[in-house]
Number of protein chains: 2
Amino acid sequence: MAPSAIPVETLNHLPLKTVNGKSAAVDDIIIEDVEKTNLVLRTFRSFIVDLCEQFKGGHPGSAMGMAAIGVALWKYIMKYSPENPSFFNRDRFVLSNGHTSIFQYMFLHLTGYKDMTVDQLKTYHSTRTDSLCPGHPEIEHEGIEVTTGPLGQGISNAVGLAMATKHLGAVYNKPGFSLVDNMTWCMIGDACLQEGVALESIQLAGHWKLNNLTVIYDNNQVTCDGSADIANSAEDVNAKMRACGWNVIDILDGNHDVEAIVKALVAARSSKDKPTFVNVRTIIGIGSQVAGDAKAHGAALGPADVAHVKKQNGMNPDEHFVISDEVYAFFRETKSRGRQLEKEWNELVSAYAAEYPELHAEFQMRVKGETEDWMKLIPSKEELPTTPTATRKSAGLVCNPLAAKLPSLMVGTADLSPSVNTAWKDKVDFQNPDFRSACGLNGDYTGRYIHWGIREHAMASISNGLAAFSKGTILPITSTFFMFYIYAAPGIRMGALQHLQTIHIATHDSIGTGEDGPTHQPIALASLYRAMPNLLYIRPCDSEETAGAMIAALNAKNTPSILSLSRQNVPQYPSSSSREGVQRGAYVFVEEPNADVTLIGVGAEMVFAMKTRELLASNHNIRARVVSFPCQRLFEAQPVEYKREVLQYRSNAPRVVVEAYAVNGWERYADAGISMSSFGKSLPGAAAYKYFGFDEESIAPRVLELVEEVRREGVGCLRGEFRDLNGGMK
Amino acid sequence: MAPSAIPVETLNHLPLKTVNGKSAAVDDIIIEDVEKTNLVLRTFRSFIVDLCEQFKGGHPGSAMGMAAIGVALWKYIMKYSPENPSFFNRDRFVLSNGHTSIFQYMFLHLTGYKDMTVDQLKTYHSTRTDSLCPGHPEIEHEGIEVTTGPLGQGISNAVGLAMATKHLGAVYNKPGFSLVDNMTWCMIGDACLQEGVALESIQLAGHWKLNNLTVIYDNNQVTCDGSADIANSAEDVNAKMRACGWNVIDILDGNHDVEAIVKALVAARSSKDKPTFVNVRTIIGIGSQVAGDAKAHGAALGPADVAHVKKQNGMNPDEHFVISDEVYAFFRETKSRGRQLEKEWNELVSAYAAEYPELHAEFQMRVKGETEDWMKLIPSKEELPTTPTATRKSAGLVCNPLAAKLPSLMVGTADLSPSVNTAWKDKVDFQNPDFRSACGLNGDYTGRYIHWGIREHAMASISNGLAAFSKGTILPITSTFFMFYIYAAPGIRMGALQHLQTIHIATHDSIGTGEDGPTHQPIALASLYRAMPNLLYIRPCDSEETAGAMIAALNAKNTPSILSLSRQNVPQYPSSSSREGVQRGAYVFVEEPNADVTLIGVGAEMVFAMKTRELLASNHNIRARVVSFPCQRLFEAQPVEYKREVLQYRSNAPRVVVEAYAVNGWERYADAGISMSSFGKSLPGAAAYKYFGFDEESIAPRVLELVEEVRREGVGCLRGEFRDLNGGMK
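This is a predicted model, so every value here is computed, not measured. (Residues numbered from 1 in each chain as written. Chains lettered and ligands numbered in written order. Predicted model: local features only at pLDDT ≥ 70, side-chain atom pairs only at ≥ 80, totals over all residues. Heavy atoms only, no water.)

The subject of this paragraph is the sheet that holds strand β2 (residues 184–188) of chain B. In a beta sheet, neighbouring strands pair by backbone hydrogen bonds and run either parallel or antiparallel. Residues and elements named next belong to chain B. On the basis of which strands lie adjacent, the open sheet formed by five strands has the order β1-β2-β3-β7-β6 and parallel pairing. The open sheet is flanked by β1 (92–95) and β6 (247–251), the only strands paired with a single partner. Taking the axes of each pair of neighbouring strands and ignoring which way they run, one obtains an average angle of 15° across the sheet. One ladder, built from four bridges, connects β1 with β2; its direction is parallel. Across the sheet, Arg 92 pairs through a bridge with Thr 184, a residue of β2. Lying over the sheet, helix α3 (residues 67–77) contacts β1, β2, β3 (213–219) and β7 (276–281), oriented at roughly 170° with respect to β2. (Pairing = 2+ DSSP bridges. Helix = DSSP H or I, 4+ residues; strand = E, 2+ residues; numbered from the N terminus. Axes fitted to C-alpha atoms, helices over the stretch in contact; angles between N-to-C directions. Contact = heavy atoms within 4.5 Å.)

The interface is formed by 128 residues belonging to chain B together with 128 residues belonging to chain A. Roughly 10100 Å² is buried in total at the junction of chain B and chain A, and carbon and sulfur atoms are behind 57% of that figure. Connecting chain B to chain A are 10 salt bridges. A salt bridge links Arg 668 of chain A to Glu 667 of chain B; the shortest N-O distance between them is 2.8 Å. Our count for the chain B to chain A interface comes out at 73 residue pairs in polar contact (both at pLDDT 80 or more). Looking at the side of chain B that touches chain A, the element that brings in the most residues is helix α7 (residues 196–207) of chain B, giving eight residues. (Buried area = accessible area lost by both parts, 1.4 Å probe. Salt bridge = Lys/Arg side-chain N within 4 Å of Asp/Glu carboxyl O. Polar contact = N/O pair within 3.5 Å; in protein donor to acceptor, adjacent residues only side chain to side chain.)

Mapping chain B onto chain A leaves a residual RMSD of 0.0 Å; the transformation is a rotation of 180° accompanied by 0.0 Å of translation along its axis. Taken together, the rotation and translation relating the two chain copies correspond to the operation of a two-fold axis. Here 100% of the contact residues of chain B are again contact residues in chain A; the copies associate through an equivalent surface. (Least-squares fit on C-alpha atoms with pLDDT ≥ 70 in both.)

A word on the domain arrangement of chain A. Residue and element names in this part refer to chain A. Per the domain assignment, the segments of chain A are domain 1 (8–339), domain 2 (375–570) and domain 3 (580–724). Inter-centroid distance (C-alpha atoms) of domain 2 to domain 3 is 28 Å. Opposite the 36 residues of domain 2 that make contact, domain 3 presents 34 residues. Between domain 2 and domain 3 the total buried area reaches about 2600 Å² when both faces are included, carbon and sulfur atoms providing 56% of it. For the domain 2 face of the interface with domain 3, the top three residues by lost area are Ile 523, Arg 530 and Arg 539, together amounting to 27%. Put simply, domain 2 and domain 3 have three salt bridges between them. Across the salt bridge formed by Glu 659 and Arg 530, the nearest N and O atoms sit 2.8 Å from each other. Taken together, the connections running from domain 2 to domain 3 amount to 20 residue pairs in polar contact (both at pLDDT 80 or more). At the level of elements, α18 (525–531), β15 (536–538) and α19 (543–555) are the ones that each hand at least two residues to the side of domain 2 that touches domain 3. The biggest single contributor to the side of domain 2 that touches domain 3 is α19, with five residues. Here the residues of the side of domain 2 that touches domain 3 are counted per class, giving 20 nonpolar, 11 polar and five charged. (Domains from an automatic or database assignment. Nonpolar A, V, L, I, M, F, W, Y, C, P; charged D, E, K, R; others polar.)

The next subject is a negative patch on the surface. Together, Glu 32, Asp 33, Glu 35, Asp 325 and Glu 326 of chain A line one region of the surface with negative charge. Overall, Glu 32 of chain A belongs to the exposed group, its relative accessible area being 67%. (Patch = residues over 30% accessible without salt bridge, like charges linked within 9 Å, V, L, I, M, F, W, Y side chains within 5 Å. Areas by Shrake-Rupley, 256 points an atom, 1.4 Å probe, with all protein chains shown as cover. Lys, Arg positive; Asp, Glu negative; His and termini not counted. Charge placed at Lys NZ, Arg CZ, Asp CG, Glu CD. Buried < 20%, exposed > 50% of the residue type's maximum accessible area, 1.4 Å probe, protein only.)

Assignment of secondary structure puts Arg 539 of chain B in the loop between β15 (536–538) and α19 (543–555). A polar side-chain atom of Arg 539 of chain B sits 2.7 Å from a polar atom in the side chain of Glu 605 of chain B.

Centre distance and the angle of the planes are the two values used to describe a pair of aromatic rings. All told, the structure shown has 88 aromatic pairs over all chains when counted by the stated rule. Centre to centre, the rings of Tyr 217 of chain B and Phe 277 of chain B are 5.6 Å apart; their planes meet at 25°, and the pair counts as stacked. With Tyr 217 of chain B in strand β3 and Phe 277 of chain B in strand β7, this residue pair connects regions lying 60 residues apart in the sequence. What makes Phe 277 of chain B buried here is its relative accessible area of 0%. Here a set of aromatic residues connected by ring pairs shows up, and it is made of Phe 87, Phe 88, Tyr 172, Phe 177, Trp 345, Tyr 352, Tyr 356, Phe 363 and Phe 469 of chain A. The positively charged end of Lys 122 of chain B is found above the aromatic ring belonging to Phe 321 of chain B, 4.6 Å away from the centroid. The side chain of Arg 539 of chain B reaches across the aromatic face of Tyr 661 of chain B, ending 4.7 Å from its centre. (Phe/Tyr/Trp six-rings, centres within 6.5 Å; stacked < 30°, edge-to-face > 60°. Lys NZ or Arg CZ within 6 Å of the ring centre and 35° of its normal.)

Another aspect to go through is the environment of Gly 292 of chain A. For Gly 292 of chain A, the position within the fold is in the loop between β7 (276–281) and α10 (303–312). Ignoring sequence-local partners within four residues, the contact set of Gly 292 of chain A consists of Val 222, Ile 283 and Ile 284 of chain A.

Glancing now at the UniProt feature "active site" (unreviewed entry) in chain A. On the UniProt side, "active site" (unreviewed entry) is annotated at positions that read Glu 456 of chain A here. Secondary-structure assignment places Glu 456 of chain A in helix α16 (residues 456–468). A relative accessible area of 3% places Glu 456 of chain A in the buried class. Beyond its immediate sequence surroundings of up to four residues, Glu 456 of chain A is in contact with Glu 200, Ala 414, Thr 480, Phe 484, Tyr 487 and Ala 488 of chain A together with Glu 195 of chain B. (UniProt positions renumbered as here; feature names shortened; annotations may be inferred.)

Compared with the 28 Å implied by 1.5 Å per residue over 20 residues, the 28 Å span of helix α6 (residues 153–172) of chain A between its first and last C-alpha is a close match. Counting buried residues along α6 of chain A, 18 of its 20 residues qualify, which places the element largely inside the surrounding structure. (Expected span 1.5 Å × (residues − 1).)

Okay, unusual backbone geometry next. The phi torsion at Asp 426 of chain A lies on the positive side, around 65°, for a residue other than glycine. Relative to the elements of secondary structure, Asp 426 of chain A occurs in the loop between α15 (417–420) and β10 (429–430). Taking relative accessible area as the criterion, Asp 426 of chain A reaches 64% and is therefore assigned exposed. Phi angles above zero are rare outside glycine, and Asn 421 of chain B is one such case at about 60°. Checked against the element boundaries, Asn 421 of chain B lands in the loop between α15 (417–420) and β10 (429–430).

Mapped onto the present numbering, the UniProt feature "site: Important for catalytic activity" (unreviewed entry) falls at His 59 and His 297 of chain A. These residues run over 239 residues, yet every pair of their C-alpha atoms falls within 5.6 Å of each other. Along the chain, His 59 of chain A falls in the loop between α1 (34–54) and α2 (61–65). With relative accessibility at 12%, the residue His 59 of chain A sits in the buried group. Other than its neighbours up to four places away in sequence, His 59 of chain A contacts Cys 52, His 99, Ile 102, Tyr 124, His 297 and Gly 298 of chain A together with Asp 516 of chain B. Discounting residues that sit within four places of it in the chain, His 297 of chain A has contacts with Gly 58, His 59, Pro 60, Gly 61, His 99, Cys 224 and Ile 284 of chain A.

The subject of this paragraph is the pattern of salt bridges. For the structure shown, the criterion picks out 74 salt bridges over all chains. Salt-bridge contacts for Glu 235 of chain A lead to Lys 240 of chain A; the nearest nitrogen and oxygen are separated by 2.9 Å. Comparing Glu 235 of chain A with Lys 240 of chain A shows no difference in burial state: the two are buried. Glu 709 of chain B serves as the salt-bridge partner of Arg 723 of chain B, at 2.7 Å between the closest nitrogen and oxygen. Of the two residues, Arg 723 of chain B is situated in strand β23 (residues 723–724) and Glu 709 of chain B in helix α25 (residues 696–713); the sequence distance between them amounts to 14 residues. For the pair Arg 723 of chain B and Glu 709 of chain B, a shared accessibility class is recorded, and that class is buried. One network of salt bridges, with partners in common, ties together Asp 509, Arg 530, Arg 539, Glu 605 and Glu 659 of chain A.

So, in structure tokens, the structure goes:
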């Protein structure tokens, strides 16, 4: 699929036989001074083994094998500016095989990223806490687009980065003004092609025809266990990629043939309507005594083999960490080229400002990651329903006006549009503009509603890529049943780790989801998300709290949020519930002086706390106050005085949490719980609740018993003996 | 790929033009009385809409579309015995699109599964707590092989079931004695072909050449959001399956053409060396006014459309739940056929007993799910290391002798053989016997070491299928880094829900894993597994406790276990640690009369509890006792007296847990914690611990301060105010 003509704008850093100033053919590409690229490869590989040897660790093999790919990318292909790593229209590079991180650190050094000094390179695997060279690339550091390591995540992020370019380009580009048109280049290894999340993302990239995405496969056929064929012998990967809607280009000598790689990547950049898969045969640990073997993967080679590598590469085995001036000179132009790129882009944007002032203003806001005043779009309490309403519906009432108005929101669902209420009137779907669906649902790249298909994991991991494109430019919102966010957990975790703002609309939470049964009823999952650093898991109890949850999520610029919502209708509590209260994580819902007990109501189970309160008062003369507790992490951020006021730690009233989940973690805030100690059951929601003891008739006597025990024995009897009022852990 | 000759043993329930008594060709198959199969289809579809209508819910559309597939399977193809659903050599049927569960319930009824009465069918979506017809199929009920619902799981289970057949057949079958040779038939919908776990499993089935697995694709091109193409337009699914090493057969009219389906399934059964993918075009909700539309998927059709369906099917719209005698008669032979199958198999086994008495004895044990006396294979405390040893190494010392001797163990790894120590000397890999690896690692179907590739999710979900083949026949053991069990979480959850015994060897736990950094350092994941019903998450502190953890996992016949193990060496505590203690979840590690504080040490962080104890004694004159706490769920099962004795709730000594995870959930057992409140950091393990305050120099003063506060203010000051001694939730 090599195109005969290369677009002129891609010519500037290509090694060409002849340039007519307008266009060139892929065949015009020639690297005449092969010795020079070889010197770079030899230097690179020798330096890598030195780096791994110094602290006896790291991953040398693949980084050595990928050297020629790196030279092609950083010297000839990628558009970037070492002096301004966040240049908006830069090409994005993702190292999905993140364990080869020294590969990327080395090229950041060679191309002049200022903080990536030789001294810094040497911190790889050291005890230096200020290292810029962690074991896997981390987004916090210059030149790194996303944190990778857990396999399959990077390629999914890359799909998100490519989507972001397509979307922003479709919205803001105008004839003659190609403001956003960067490429995304993604390295993967054999492992990423086995991980399910990658396979989901590959399907989607083909479906969306992301021709601005190129995946470069470091095909060394070696994994930790040996030859990759021991777990993947039957697959024709090229045929499979083609069947997924991708171009495929083969490179037979990926170890040395920089020219062939450059030609392939140029062709990939010219792809008209498909993402491109470049299948590059390499040798892991090339030049070492363990070349082509799994032993080259994840350990230093040892001094003898390090010397061997140097000799094989024509370097002096007695010298370490050698990079000659000639090698530095080879990459020297990257800085000036980057400056030039930026200059041209800035001029383009200025001209655009004159031609399209309004769009330009919006574009500038997007570039800066500023958001419009969204607070005014959130319905006031008075505008929200007063009759029983499912919080998944409430979330739609709050979120959809935002989605309709705010260009930064990209909202999608893992094939549950009819259930999750995230589709707004007049939404445009994100689709390839040529796509025509059998059911009439089309769209284009300006669309901001994403049909992810039944791919929860890819939804979360690609969304991280959307969010990582440029801080604040895109806010991805995903949706599916809460239970299925267990599929997405590895992606959500990576979002939290990277401080990427995303919002996950998780409906059908708790056993209230009903007939679908235990497979669909989450019990333990909230414990994961409540324990996960830098993640807000928020379970609102009614529409007002749902508005509060959305406000908290929108304010959390460096933190993903999960809004955990009910399938079933829940009562509304306009005189108790408070969006401001949600911001504090927990708050007094119904105060009661001299209370005998504090009932903690959570999300859809608030109704049981409230009804139990009534029953305790009417039948047992017990005074119960009620606390609403939508978010543990927000509560933890409050001052201790506030916490004491809400939970009344020092009173003699026991605190009982009511939630249809495993109680694990609530012991911090409660003395006793009405909770789930087993998986759920296929019954209509109300019947399921009753079956597991979630009704006031069942709860009130248990609370009464607890109160009586405390009256009898003093509140000290509870210390360290959490009471599972409807059965313990099973 | 239609074979010309059908093996004679498959002839008995096929509709054939001519039978020569020895063999027949696929072309000989003919269904002459098409009217009769049509009557069954019409009855089936009309009954389905009645079932969904009665309680206004359920999933009618796909069940209606798949009717002809069901008739082909249950009438003509599958080998099973309705009167003995657990007949060992039965064909296994898996409904991976589990939301169509009424499809299966209907056929269980029609073919005579005794408890599946019309009355039971009518419990679908009812409040009947004794229903055998939950929203998704559940393993507890007769005729259901695995619980499905979360998409992609069933097809993965089916791969495991087919592996089990291959393995058992390879071990026990002899010429003339095909004891285990059943087929696995798996229904999937569009969704399963999008889920990553299914895509991983498809790769593996192709790799292992599981020709005894047939996946039947209900290709109705409709998902909840509309036409499946809105999230999957670019894919050529047949080409993709072929590229994964599968046969592909197309069925163009899957709605009515039972004969074509039967021919395809017969051909699939005859596949020599590949799994088969039968791509069956169907119409969702066929015969209804919403036929072919997403509206037919997940809701009752309403009375008008129910009547319409009946009319379209030539049934009386005023009659409900009608199954004529003719329809019952159509399936009547299934029972006698089943009895005959069993009879022949029992005779075969008896003859085998005479010929191969020893193998037969072992086989009978496997069939009954009995295990050999494994306890004697566990090394005694004296045989275990006394010098610092990583618990991942200890686990190998305990597990590998078991794996070498016990035929029921199938042990595998997600491509981390060099790290997880699960490979034993002279292991044979589970591979297709024709497979020849580039690296020399071959194997055959007798092999019990499984290279899963980098597919953690499929590893867990396929293992559920291995375990579900027949209770106790196969005990799957998986392994990878603990962090990557977050990818496997949906599968592990399904194992716990189904009460399937599996053991997961999770190495490199906590921040001690070191240089790989925060992407590889689990913080929150243990909170998920500790909260998950029916799962043992066990974190042993040394070799003796690792032996105890393995014993607990082996004893848990209805429960999966995760053994959470260190990468790094940890001290051994032969005078304190106790395998018996592990069985109780927690126990006194070092007693101290009149202690000032109880330190709870967990897993690899026990070292910090023990060193802090020493430092408190030597520098601060503080008496600390130490509790080891490897498993919360085992501890919860203990009598309250034991719990009080271990944790001394009623004493004035505060309890401090020391674990490098999020502390969530420990508040039940401790008043304070040294824990992690953020993600980790890429540093060598020891440096990472120190960085986050895990060293006795840092811990002891904090504990001291706590003890002094308690002395000053009384232990009551701790109630309800858990102390995060090295920083709280962030």
